[in-house]
Amino acid sequence: MALHHHHHHDPTNAGMVSVPHGPETGDDHASFRGVPDKDSEERILKELIYPEDTHTENGTYWADLPFGQQLAFNRKVDNAEAKKELSAIGSMIKKDPLSPVSWYFRNAVLPGAGLGLEGYVLFSIGNLTPLFAAAWPTCWKSYAVCNKTWIDAVQYLEVLGIIVGQILVGVLGDGIGRRWGLIQDAAIMFIGLLMLVASWGTTLNGWVICYAWALFFYGIGVGGEYPMTATAAMENATGSGRVSTKDDRLHRGRKVTMAFLMQGWGQFFNQVILILLLLIFHHGSGNPPYSKLAAQWTFRISFAIPAVGTLWLVYYRWYKMPLASKALNAAKKKSSVTGYDVQSLKLACNHFGGRLIATAGAWFCNDVFFYGNKLFQSQFIAVISPGTKSIMTNWLWNLVNVGVSLCGYYLASFLIDIKFVGRKRMQQLGFAMDFILFLVPAIHYHYYAEEKAHIAAFQAMYFLSSFFNQFGPNSTTFLVAAEVYPTPIRASAHGFSAACGKLGALLAAVLYNYINTPTKFWVVPWFGLGGMLLTWAFLPDTTGLDLKEQERRFTYIREGREHEYHGVAVHPHHLSLWERLRGAGKYYNPELDYQSKVADLRAEWTERQAEKATSEEDLNAFDDEYPPEVHDYFAKTTNKSLLSKKPTPVGSSEGGSGVSDEITNEKKAEI
């Protein structure tokens, strides 16, 4: 019985976030020709249960192979996929030279637009502060007419607003759905930008207060963007239902980080636009003195530009993303839950507490470095370029730093799905390099920072620290904080982890006001070391792991039969050191898992047929998940009396897992 690939069918995921899988093209459906008979069961279901990109021909999972064979198997899969992608790109260019650009816009720019706007505005604060200090020195430098507490509060309130948004919108996103979370984020950011553009006061201190609270309000929208973008990107695309896709397993991390790296482009365009605006309104010169009028026009227009893009984002999310909550709604319906799933939250905290330590703790450590670096970048660059009084010089150096960071973002997106590299090793490497690259100049600060002959080496270490931070923890923390948790509480867990990260940013914002630059180089490295150790001990490696297996494992946990799950989600390779020590991997058994998967597939198919027979709702959303021959096989071999039974929600105390139990018993009888 030969495997047949259908050439095309109409896409079914219109209106959904096209990351991490990309838009459905209709070209990825595979099935067997002919109607299978009873003897074909193993052959048919093994193609579904043991995909060729994760299992060998005899059904061995790649992580069960000896190390050398692992490398060979994964290299073969990656090379074949790379060849396929390069061929597809070549075909696109031949048909339309600009089609790769439009593909990138749909698959990276649009899903990451919110983070791009966030990066633009959030990091403009560090860029604008030197301009404000130069234009209004009695307010922002000597504090003669402005309250120093309110000047410092500009940074504090921004970070606090982000923390509020991450926790609040994360919970709301799991409660009312991803779509409304995405819409409200964009709306809040738009209103916040209007407040920033129009910020004013009868005194300079009054303006500072208005500016600070506008940043707080805008920060709420920015904070919500983290869990909403990550979870929507993780869930809503091809294969968001019961059957996983090859694209999910091989490219999930790359396509999520492609969206996340828009944050770097936001920083880049912010710096470019500020440079151009200052040149326009300062008579073509970037040198001091800077007039108050030039500073006013520069900062207000720099905030007005992203306001236009944010308003468009509100429209796009309202009208073009009607299915953003599809996966979450399906999970709630299966669990018979409305509103917030409190039971799932309790179970996740009990079973995945170590992961919460990893994602929240590592994000905290990363943001002490990342946001401390960005918020106070002008001070660092003053060391690299001593004696300069021109803001333009600092901005140009910062533009170079952002360019280096973008290289780290892109390298992360290319390597993050390579199993030998992967999320966990990238995060550890990034933290380790941050530790080294800040510890060395801390020990020999005067040698590198104050002797002209060695400033170039100091500069190289500073830029390399930015590169490895983007390549490692800044990209991976965003991804794994959504990836290692089940769907019902994914936004809450991601929001909590991100909020802990912003506590690190807040620590940096407060602490750096009281210590000098040499001391900062002594403070930062230890957070790199701490992040590396937390990653090593508590973070599982989800590279190459089928997320449907994680959802399947959580279903077993929710039903109170964790010991019956034997799949790859509890393979030692995909568990943290902490989880292995607690015995989470002791139930892994490929042979038993095969039998369980067959029973689970049959139970899901049976439940689906029963729903279709008893419900008038549109249940065609996931009809294309099982190939026709699987439908035919189950239709012929399933007890017809089960199809007429009313489906029992997962986790219901009534009947337990009734259909699943009956089918499991039937399967045992057949064996």
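Remember, predicted model here, so these are calculated numbers, not experimental data.

Concerning the overall build of the protein
In step 1: Looking only at helices and strands, the protein features 28 helices and two strands.
In step 2: The buried share of the protein, reckoned over its 671 residues, is 58%.
In step 3: A sequence separation of at least 24 residues applies to 82% of the contacts in the protein between residues at least 6 apart.
In step 4: Put simply, the protein shows about 27200 Å² of open surface, and 64% of that area lies on carbon and sulfur atoms.

Describing the side chain of R558
In step 1: Within the fold, R558 resides in helix 23 (residues 547-558).
In step 2: On the basis of relative accessible area, R558 is assigned to the buried category, the value being 8%.
In step 3: Among the polar contacts made by the side chain of R558, one reaches the side chain of D341 at a distance of 3.1 Å.

Observations regarding helix 2 (residues 67-95)
In step 1: For helix 2, with 29 residues, the first-to-last C-alpha span of 42 Å sits near the 42 Å given by 1.5 Å per residue.
In step 2: Q70, F73, N74, V77 and E81 are the residues of helix 2 that are buried.
In step 3: As for helix 2, its buried residues are in contact with helix 10 (246-260).

Considerations on helix 26 (residues 628-637)
In step 1: Within the span of helix 26, buried status applies to E629, V630, Y633, F634 and T637. Within helix 26, the buried residues cover an arc of 130° as seen down the axis, which keeps them to one side.

Points about the nonpolar core
In step 1: Formed by 99 residues in total, the largest nonpolar core has its most connected members in W140, Y211 and F303.
In step 2: Dropping the residues within four chain positions of it, F303 is found in contact with V121, S124, I125, L128, L193, L196, V197 and Y211.

Considerations on the state of the cysteines
In step 1: What the rule picks out here adds up to one disulfide.
In step 2: In this model, C139 is linked to C146 through a disulfide, with the two sulfur atoms separated by 2.0 Å. Residues C139 and C146 are joined by a disulfide whose S-S torsion is about -100°; by sign, that bridge is left-handed.
In step 3: Relative accessible area serves as the criterion here: at 5%, C146 is assigned to the buried category.

What to know about the pattern of salt bridges
In step 1: Going through the model one piece at a time under the given rule, you end up with 24 salt bridges.
In step 2: Linking R423 and D417 is a salt bridge whose minimum nitrogen-to-oxygen distance equals 2.9 Å.
In step 3: Residue classification places D417 among the buried positions, given a relative accessible area of 9%.
In step 4: Taking the shortest distance from any N to any O, the salt bridge between R423 and E483 comes out at 2.7 Å. On the criterion of sequence distance, the pair formed by R423 in helix 18 (residues 422-443) and E483 in helix 20 (residues 455-483) is long-range, its members being 60 residues apart. Accessibility assignment for this pair places R423 and E483 in one class, buried.
In step 5: When salt bridges that share partners are traced, they join D248, R252, D417, R423 and E483 into one network.

Examining the environment of V598
In step 1: Mapping V598 onto the fold places it in helix 25 (residues 590-614).
In step 2: Among the residues examined, V598 registers a relative accessible area of 1% and is labelled buried.

As for the packing of helix 18 against helix 20
In step 1: For the pair helix 18 and helix 20, interaxial distance at closest approach is 8 Å and the crossing angle is 150°. It follows that helix 18 is roughly antiparallel to helix 20 by the angle criterion. Handedness of the helix 18/helix 20 crossing: left-handed.
In step 2: Split into classes, the residues belonging to the contact of helix 18 with helix 20 amount to 17 nonpolar, seven polar and three charged.

A short note on the packing of aromatic side chains
In step 1: Within the structure shown, the criterion is met by 44 aromatic pairs.
In step 2: Both rings, one in W397 and one in F463, keep their centres 6.2 Å apart while their planes meet at 35°; by these two values the pair is tilted. Of this pair, W397 sits in helix 17 (residues 391-415) while F463 sits in helix 20, and the two are 66 residues apart along the sequence.
In step 3: By relative accessible area, W397 is classed as partly exposed at 26%.
In step 4: Looking at F463, the relative accessible area reads 9%, which means it is buried.
In step 5: Here the aromatic cluster, defined as three or more aromatic residues joined through ring pairs, consists of F132, W136, W140, W207, Y211, F299 and F303.
In step 6: Positioned above the aromatic ring of W62, the side-chain terminus of K419 is 5.6 Å from the ring centre.

Comments concerning a nonpolar patch on the surface
In step 1: A cluster of nonpolar side chains, V164, L168, L172, I176, W180, W312, Y315, W318 and Y319, forms an exposed patch at the surface whose accessible area comes to about 890 Å².
In step 2: At the level of elements, helix 7 (148-175) and helix 12 (292-319) are the ones that each hand at least two residues to the nonpolar patch.
In step 3: For W180, the location among the structural elements is in helix 8 (residues 178-198).

Observations regarding unusual backbone geometry
In step 1: Cis peptide bonds are those with omega within 30 degrees of zero, and the linkage from P288 to P289 qualifies with 0°.
In step 2: Among the secondary structure elements, P289 is positioned in the loop between helix 11 (262-281) and helix 12.
In step 3: Despite not being glycine, Y143 has its phi angle at roughly 60°, a positive value.
In step 4: Residue position: Y143 is located in the loop between helix 6 (137-140) and helix 7.
In step 5: A residue is classified by how much of its surface remains accessible, and Y143, at 29% relative accessible area, is partly exposed.

Notes on the packing of helix 17 against helix 20
Each pair of packed helices can be described by the angle between their axes along with the distance between the axes.
In step 1: Across the interface, helix 17 lies against helix 20 with an axial gap of 8 Å and an inter-helix angle of 35°. Here helix 17 runs over helix 20; the crossing is right-handed. In this structure, helix 17 uses W397, V400, N401, V404, S405, C407, G408, Y409, L411, A412 and L415 to contact helix 20, whose residues at the interface are Q459, Y462, F463, S466, F467, Q470, F471, N474 and S475.

So, the confidence of the model for the protein
In step 1: Scored by pLDDT, the protein has a mean of 83; 82% of the residues are at 70 or more.
In step 2: Mean pLDDT across the elements of the protein bottoms out in helix 28 (residues 658-670) (41) and peaks in helix 24 (residues 577-581) (95).
In step 3: Note that residues 1-8 has pLDDT below 50 and, in this model, 25 contacts with residues that lie over four places away or in other chains.
In step 4: Predicted confidence for residues 619-624 stays below pLDDT 50, and this span has 17 contacts to residues more than four positions away or in other chains.

About the criteria used
- Residues numbered from 1 in each chain as written.
- Predicted model: local features only at pLDDT ≥ 70, side-chain atom pairs only at ≥ 80, totals over all residues.
- Heavy atoms only, no water.
- Helix = DSSP H or I, 4+ residues; strand = E, 2+ residues; numbered from the N terminus.
- Buried < 20%, exposed > 50% of the residue type's maximum accessible area, 1.4 Å probe, protein only.
- Contact = heavy atoms within 4.5 Å.
- Areas by Shrake-Rupley, 256 points an atom, 1.4 Å probe, with all protein chains shown as cover.
- Polar contact = N/O pair within 3.5 Å; in protein donor to acceptor, adjacent residues only side chain to side chain.
- Expected span 1.5 Å × (residues − 1).
- Arc of directions from axis to C-beta.
- Core = buried A, V, L, I, M, F, W, Y, C linked by side-chain atoms within 4.5 Å.
- Disulfide = S-S within 2.5 Å.
- Salt bridge = Lys/Arg side-chain N within 4 Å of Asp/Glu carboxyl O.
- Axes fitted to C-alpha atoms, helices over the stretch in contact; angles between N-to-C directions.
- Parallel < 35°, antiparallel > 145°, perpendicular 65-115°, else oblique.
- Left-handed = near helix turned anticlockwise from the far one by under 90°.
- Nonpolar A, V, L, I, M, F, W, Y, C, P; charged D, E, K, R; others polar.
- Phe/Tyr/Trp six-rings, centres within 6.5 Å; stacked < 30°, edge-to-face > 60°.
- Lys NZ or Arg CZ within 6 Å of the ring centre and 35° of its normal.
- Patch = residues over 30% accessible without salt bridge, like charges linked within 9 Å, V, L, I, M, F, W, Y side chains within 5 Å.
- pLDDT = per-residue confidence, 0-100.

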